[in-house]
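Close look at the chain arrangement
Each chain, letter by letter, is given below.
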Amino acid sequence: MGGKHSNMQKNKVTILAIETSCDDTGIAILSAQGGSASGGEANFKVLSNIISSQIEIHKQYGGVFPAMAKREHQRNLVPVLIQALEEADLLKAQNPKPKTQPNPKSQTIKNILEREPELLKKIVPFFKKYEKPDVDFITVTNGPGLEPCLWVGVNLARIISYFWNIPIIATNHIESHILVNLLPLSVIPAKAGIQSSTHKTWIPSQAENDNKVKFPAISLVVSGGHTQIILVKKIGSYEILGETRDDAAGECFDKAAKILGLDYPGGPIISKLAEKFVLSPTSHKLPRPMMNTKDYDFSFSGLKTAILYHHQKQNKKTQKDKQYIAEMCAEIQQAIIDVLIKKTVQAAKDYNAKTIILGGGVSANHELKTQLLIKIHQDLPNIEFLFPQIDHSTDNGLMTAITGYFHKKETTNWQDLKADANLRIG
Ligand code: KG4
Ligand code: ZN
């Protein structure tokens, strides 16, 4: 026992994670120890997990404009970093007072942040004011995602690495949506607004609970940018079995909401309005594209077009009618869920999966989780089902930190790190 404990202490690392792949600016600091590629025995302590959402800004335009999101990340990153370090008790002002002569590293920092002038303006005083924090690694999402947004996070990671000499681990956003499921459910309370969720006692990964992560697993990752069915052989070993050929499931929710005159992001609004309508055999039926094809691919753009045509056929009064909108929302949600569940369960059967893992922003959808759970109980009663707690479904820094932890042996140096909008997991 004693030996095991001291081994785990030796393995303990603190990771600072940066996530800017889309429209959430997330920074988390995680202490972690133990664990292996088979998922066993990792222990986590969430020192901080700060998310600054840009939804209010993008709402006005009905979607995310990458250039605008990039500017917001530049503005938000340093305040979010300060808050994350502060909550983790790792923010230390320099003592004695900082020297006034220019730092020899400042020219390189300027070069790295050539395209992020607003971030440069904020990071220079930050480096002058604070000491190097006690973190072992920086990890950053370098793809997939919106390229201009990814670069802001990547370049922040690069300058922190260069300035304080801390190694970087590059992480894949899709893998992070899967591995966030290693956290046990409901252990970390979240607050509204700029979200912060810390949990400063050690929590064991799912692998140590009754809910052991058994491999192989089938993961359905459904977000605003991706819809993929992934075979998870073990942590770090993946194969994409199928994916969307056009729009992602979250994108379909967002575009459908726009057609119906609802706000961005569409997923949460559609699911809320859908609660107000119980579908019946006489309800309007939308198509379930590719539901019966023998592959694991998806296509949602035809569904979007069907929604558009049906909506355009209604008169102006009906288009605004609450009952009609609720019926459309319920049917849109159900059409998407039907296809997602059919293909996921089929993949789990075909690959003899022991676990089904749900991830990505659309995994916040209550009906999707409930109906998938029921289907698994009916068809595959021996399979475990993991889904993230609701505030870990959408993008956050903590998911990046967990992935970084499992890849801590694969560090990159700051000169070589690049954003890759089309990074693949398998
Ligand atoms: O993972 P995420 O935060 O960002 C990407 O990596 O894309 O996912 C955002 C997506 C949006 O399309 C949003 O509409 C969708 O997740 N979403 C939902 C729900 N909450 C967020 N979709 C359906 N139901 C929800 N409750
Ligand atoms: Zn995401």
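The following refers to the structure shown. (Residues numbered from 1 in each chain as written. Chains lettered and ligands numbered in written order. Predicted model: local features only at pLDDT ≥ 70, side-chain atom pairs only at ≥ 80, totals over all residues. Heavy atoms only, no water.)

1. A word on the overall build of the protein chain
Counting secondary structure elements, the protein chain contains 14 helices and twelve strands. For 426 residues, the compact-globule formula gives about 22 Å, and the C-alpha radius of gyration of the protein chain, at 22 Å, lands near that figure. Principal-axis analysis of the C-alpha atoms gives the protein chain an extent of 75 × 55 × 35 Å. Burial status across the protein chain gives 54% buried among its 426 residues. In the protein chain, the proportion of contacts linking residues at least 24 apart, taken out of those at least 6 apart, comes to 76%. On the protein chain, roughly 18,800 Å² of surface is accessible, and the fraction owed to carbon and sulfur atoms is 52%. Side-chain charges in the protein chain split into 50 positive and 42 negative, and the spacing between the mean points of these groups amounts to 3 Å. (Helix = DSSP H or I, 4+ residues; strand = E, 2+ residues; numbered from the N terminus. Rg over C-alpha atoms; globule rule 2.2 N^0.38 Å. Buried < 20%, exposed > 50% of the residue type's maximum accessible area, 1.4 Å probe, protein only. Contact = heavy atoms within 4.5 Å. Areas by Shrake-Rupley, 256 points an atom, 1.4 Å probe, with all protein chains shown as cover. Lys, Arg positive; Asp, Glu negative; His and termini not counted. Charge placed at Lys NZ, Arg CZ, Asp CG, Glu CD.)

2. Things to note about the coordination of the zinc ion (ligand 2)
Of the protein atoms, only H173 (NE2), H177 (NE2) and D395 (OD) coordinate the zinc ion (ligand 2), at distances of 2.1 Å. Mapped onto the sequence, the donors of the zinc ion (ligand 2) take the spacing H-x3-H-x217-D. A residue pair is termed long-range when its members are at least 10 positions apart, and H173 in helix α7 (residues 173-179) and D395 in the loop between β12 (384-386) and α14 (397-406) qualify at 222 residues. (Donors = N, O, S within 2.8 Å, 3.2 Å for Na, K, Ca; no water.)

3. Re the pattern of salt bridges
Counting across every chain of the model gives 18 salt bridges. With its nearest N and O atoms 3.5 Å apart, the salt bridge here joins E239 to K233. Residue K233 is classed as partly exposed on the basis of its relative accessible area, which comes to 40%. In this structure, D295 engages R245 in a salt bridge whose closest nitrogen and oxygen atoms are separated by 3.0 Å. Separated by 50 residues along the polypeptide, D295 in the loop between α9 (266-274) and α10 (301-313) and R245 in the loop between β10 (237-243) and α8 (249-259) bring together distant segments of the chain. (Salt bridge = Lys/Arg side-chain N within 4 Å of Asp/Glu carboxyl O.)

4. Observations concerning the site of ligand 1
Around ligand 1 there are 20 residues in total, and G224, D254, G361, N365 and D395 lie nearest to it. Here G361 contributes a backbone N or O atom positioned 3.0 Å from an oxygen atom of ligand 1. D395 places a side-chain nitrogen or oxygen 3.0 Å from an oxygen atom of ligand 1. Coverage of ligand 1 by the protein chains reaches 91% of its 550 Å² of free accessible surface. Here the shell around ligand 1 is composed, by residue class, of five nonpolar, 13 polar and two charged. (Near = heavy atom within 4 Å. Polar contact = N/O pair within 3.5 Å; in protein donor to acceptor, adjacent residues only side chain to side chain. Nonpolar A, V, L, I, M, F, W, Y, C, P; charged D, E, K, R; others polar.)

5. Focus on the side chain of T355
Within the secondary structure layout, T355 lies in strand β11 (residues 355-359). In this structure the side chain of T355 is engaged in a polar contact, spanning 2.6 Å, whose partner is the backbone oxygen of K214.

6. Some remarks on the state of the cysteines
As enumerated under the stated definition, the model contains zero disulfides in all. Among the cysteines around C329, which has no disulfide bond, C252 carries the closest sulfur, lying 12 Å off. (Disulfide = S-S within 2.5 Å.)

7. A short note on α8
The α-helix winds at 3.6 residues per turn, so residues separated by three or four positions along the chain end up facing the same way. Looking at α8, one finds that the buried residues are A249, G250, C252, F253, A256 and A257. Axial view of α8: buried residues confined to an arc of 160°, hence all on one face. Those residues of α8 that are buried are in contact with β8 (217-222), β9 (227-234), α9, α10 and α12 (322-350). Note on α8: the residue one or two positions beyond its end, G261, has a positive phi of about 80°. (Arc of directions from axis to C-beta.)

8. Side note on the environment of E175
Positionally, E175 belongs in helix α7. Between the C-alpha atom of E175 and that of T400, which follows or precedes it by 225 residues, the distance is 8.5 Å. Among the polar contacts made by the side chain of E175, one reaches the side chain of H407 at a distance of 2.8 Å.

9. Brief notes about the packing of α9 against α12
Running from N to C, α9 and α12 cross one another at 115°; their axes reach a closest spacing of 8 Å. One finds that α9 runs roughly perpendicular with respect to α12. The element α9 and its partner α12 pack so that their crossing is left-handed. Where α9 approaches α12, its residues I270, S271, L273 and A274 are matched on the opposing element by I325, A326, C329, A330, I332 and Q333. (Axes fitted to C-alpha atoms, helices over the stretch in contact; angles between N-to-C directions. Parallel < 35°, antiparallel > 145°, perpendicular 65-115°, else oblique. Left-handed = near helix turned anticlockwise from the far one by under 90°.)

10. Regarding the environment of A42
Assignment of secondary structure puts A42 in the loop between β2 (24-33) and β3 (43-53). Taking relative accessible area as the criterion, A42 reaches 0% and is therefore assigned buried. Taking the C-alpha atoms as reference, A42 lies 42 Å from L262; in sequence the two are 220 residues apart. Excluding residues that lie within four positions of it along the chain, A42 makes contacts with Q33, G34, G35, I203, P204, S205, Y405 and F406.

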